[in-house]
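Each chain, letter by letter, is given below.
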Amino acid sequence: VTNAEFKTPTKYERDSLGYYVGYSGRFERLDYQANLRRDEVKSKEGNTSKENSANTWLIGGGYSLTDSTKLIGLVSTSFRAPAVSDLFGVPSWGQNPNPDLKPSEHKGGEFGLQQRSSIGLLRAVYFKTETKNDFEWRNRQINNIARTENEGVELGLSGSAAGWGYKLNAVLQDPKNAESGVRLARRAKEYGSIGLTKTAMGVYWGSNVIWSGNRTDSHVVTFAPVTNSSFTVVNLTASKKLTPEWTGRVRVENAFNENYQLVHGYNTPQRGVFVTLQYQPK
């Protein structure tokens, strides 16, 4: 059970209770997994409360055609209850209440192929999802969208060569309002990442480049349509074992100080440098 309270003039409470059971196994060349989950969420403002609950499930599997080639797939459902601020509003934030807000219900599936080769593990997946009562910020409150869809492909490659470890990932998708065909706000149509690691001079070096296409949004004051630009963020890290028990780490986030926004009107953090010293007894 988890509780969350927001420090505003009005006291908000949220109680979440979840039950989960899952089973996974292998039969000859087939790996399989089945999950069931029950969620019960109660949101409260003063003496007013709202309850939402749902049963969700997942069935997935992978079949090895050969020792290096594998078919993969899954189908699943999920559930997202509204936040207490979405239901009851936060006047100090300029957010109006929407007590009629319904929980979003999601269903989706994916099918793909994994191939092991001399250059690493290659993964290609086609996915399609549908969400009923999705959430959207409109007119200073969160509202439901009757139905949204997303369809796309994901490509990935991971492996190592000449002492370098690498991991590449790219997604092309089409998130949209299923009834109007309009692209969903704050969702990029394309994004990806490249990660590289190497140990040299006794130091473990790592870098991660994250790229995202632009996102549609609405102006924070006028609500006019705007576009948040595409961006590229570079994160760097280095760690070294100083003794068998002590490890020093340096992490630089947004190393080139990229100026970008995921939500219009709200800047993301600038360059950050973090130094840590970890002790772990043998």
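Quantities reported herein were computed from a predicted structural model and do not represent experimental measurements.

Q: Can you walk me through the packing of aromatic side chains in this structure?
A: Two aromatic rings, taken as a pair, are described by how far apart their centres are and by the angle between their planes. Across all of its chains, the model carries four aromatic pairs by this definition. Pairing F231 with Y260 gives two aromatic rings, centres 4.3 Å apart and planes at 20 degrees, and the pair type is stacked. Of this pair, F231 sits in strand β15 (residues 231-241) while Y260 is found in the loop between β16 (246-253) and β17 (261-263), placing the two residues 29 residues apart along the sequence. Residues F231 and Y260 agree in their burial class; the two are buried. Relative to Y279, the ring of W246 lies with its centre 4.9 Å away and its plane at 50 degrees, an arrangement referred to as tilted.

Q: Quick question: what am I supposed to make of a nonpolar patch on the surface here?
A: Taken together, the side chains of Y23, F27, L30, Y32, Y63, L65 and L113 define a hydrophobic patch exposed on the protein surface, amounting to about 690 Å² of accessible area. Those elements that place two or more of their residues in the nonpolar patch are β2 (12-27) and β3 (30-45). In this fold, L30 is placed in strand β3. Of the residues examined, L30 reaches a relative accessible area of 33% and is grouped as partly exposed.

Q: Explain the pairing of strand β9 (residues 164-173) to me, please; I cannot follow it from the model alone.
A: The side chains of a regular strand alternate between the sheet's two faces. Both strand β8 (residues 141-161) and β9 contribute to a ladder of ten bridges, which runs antiparallel. Following the sheet pairing, S160 is matched in β9 by G165. As paired elements, β9 and strand β11 (residues 190-200) share nine bridges and run antiparallel to each other. Bridging across to β11, A170 finds its partner in G192.

Q: Please explain the pattern of salt bridges as it appears in this structure.
A: Opposite charge on two side chains allows them to pair when their charged atoms are near. Summed over the entire model, instances satisfying the criterion amount to eleven salt bridges. One salt-bridge network, held together by shared partners, links R26, D31 and K70.

Q: Could you clarify how one ought to interpret unusual backbone geometry in this entry?
A: Peptide bonds are trans in most cases, and residues, glycine excluded, mostly fall at negative phi. Even without being glycine, E28 reaches a positive phi, approximately 55 degrees. Its location among the elements puts E28 in the loop between β2 and β3. Owing to a relative accessible area of 64%, E28 belongs among the exposed residues under this scheme. Even without a glycine there, the phi angle at N133 is positive, about 60 degrees. Taking relative accessible area as the criterion, N133 reaches 11% and is therefore assigned buried.

Q: What should I look at first to understand the side chain of S76 in this one?
A: Examined against the element boundaries, S76 turns out to sit in strand β5 (residues 69-80). Judged by relative accessible area, which is 16%, S76 ranks as buried. Leaving out residues up to four positions away in the same chain, S76 has contacts with W57, L58, H106, K107 and G108.

Q: What should I look at first to understand the pairing of β5 in this one?
A: Taken together, the seven bridges between strand β4 (residues 48-64) and β5 define a ladder with antiparallel strand orientation. Across the sheet, residue G62 finds its bridge partner in β5, namely I72. Between the end of β4 and the start of β5, which pair antiparallel, lie four residues. By the bridge criterion, twelve bridges tie β5 to strand β6 (residues 104-117) in an arrangement that is antiparallel. Bridging across to β6, S76 finds its partner in G108.

Q: Would you mind going over the environment of V182 with me for this structure?
A: Mapped onto the fold, V182 is located in the loop between β10 (176-177) and β11. A sequence separation of 47 residues divides V182 from F135, and the C-alpha atoms of the two residues are 14 Å apart.

Q: Can you walk me through the confidence of the model for the protein chain in this structure?
A: Parts of the model with low pLDDT should not have their predicted coordinates read in detail. Confidence along the protein chain averages 92 in pLDDT terms, with 96% of residues attaining 70 or more. Considering only residues more than four positions removed or in separate chains, one finds that residues 1-6, a stretch of pLDDT under 50, has 16 contacts.

Q: Please explain the nonpolar core as it appears in this structure.
A: As a rule of thumb, nonpolar side chains are buried together in soluble globular proteins. Core analysis: the largest hydrophobic core is formed by eight residues, namely Y12, V84, L87, F88, V90, L101, F135 and I142. With three residues, the single largest contributor to this core is helix α1 (residues 84-88). Excluding its chain neighbours within four sequence positions, the residues that come into contact with L101 are K50, P82, D86, L87, F135, I142, N143 and N144.

Calculation criteria
- Residues numbered from 1 in each chain as written.
- Predicted model: local features only at pLDDT ≥ 70, side-chain atom pairs only at ≥ 80, totals over all residues.
- Heavy atoms only, no water.
- Phe/Tyr/Trp six-rings, centres within 6.5 Å; stacked < 30°, edge-to-face > 60°.
- Helix = DSSP H or I, 4+ residues; strand = E, 2+ residues; numbered from the N terminus.
- Buried < 20%, exposed > 50% of the residue type's maximum accessible area, 1.4 Å probe, protein only.
- Patch = residues over 30% accessible without salt bridge, like charges linked within 9 Å, V, L, I, M, F, W, Y side chains within 5 Å.
- Areas by Shrake-Rupley, 256 points an atom, 1.4 Å probe, with all protein chains shown as cover.
- Salt bridge = Lys/Arg side-chain N within 4 Å of Asp/Glu carboxyl O.
- Pairing = 2+ DSSP bridges.
- Contact = heavy atoms within 4.5 Å.
- pLDDT = per-residue confidence, 0-100.
- Core = buried A, V, L, I, M, F, W, Y, C linked by side-chain atoms within 4.5 Å.

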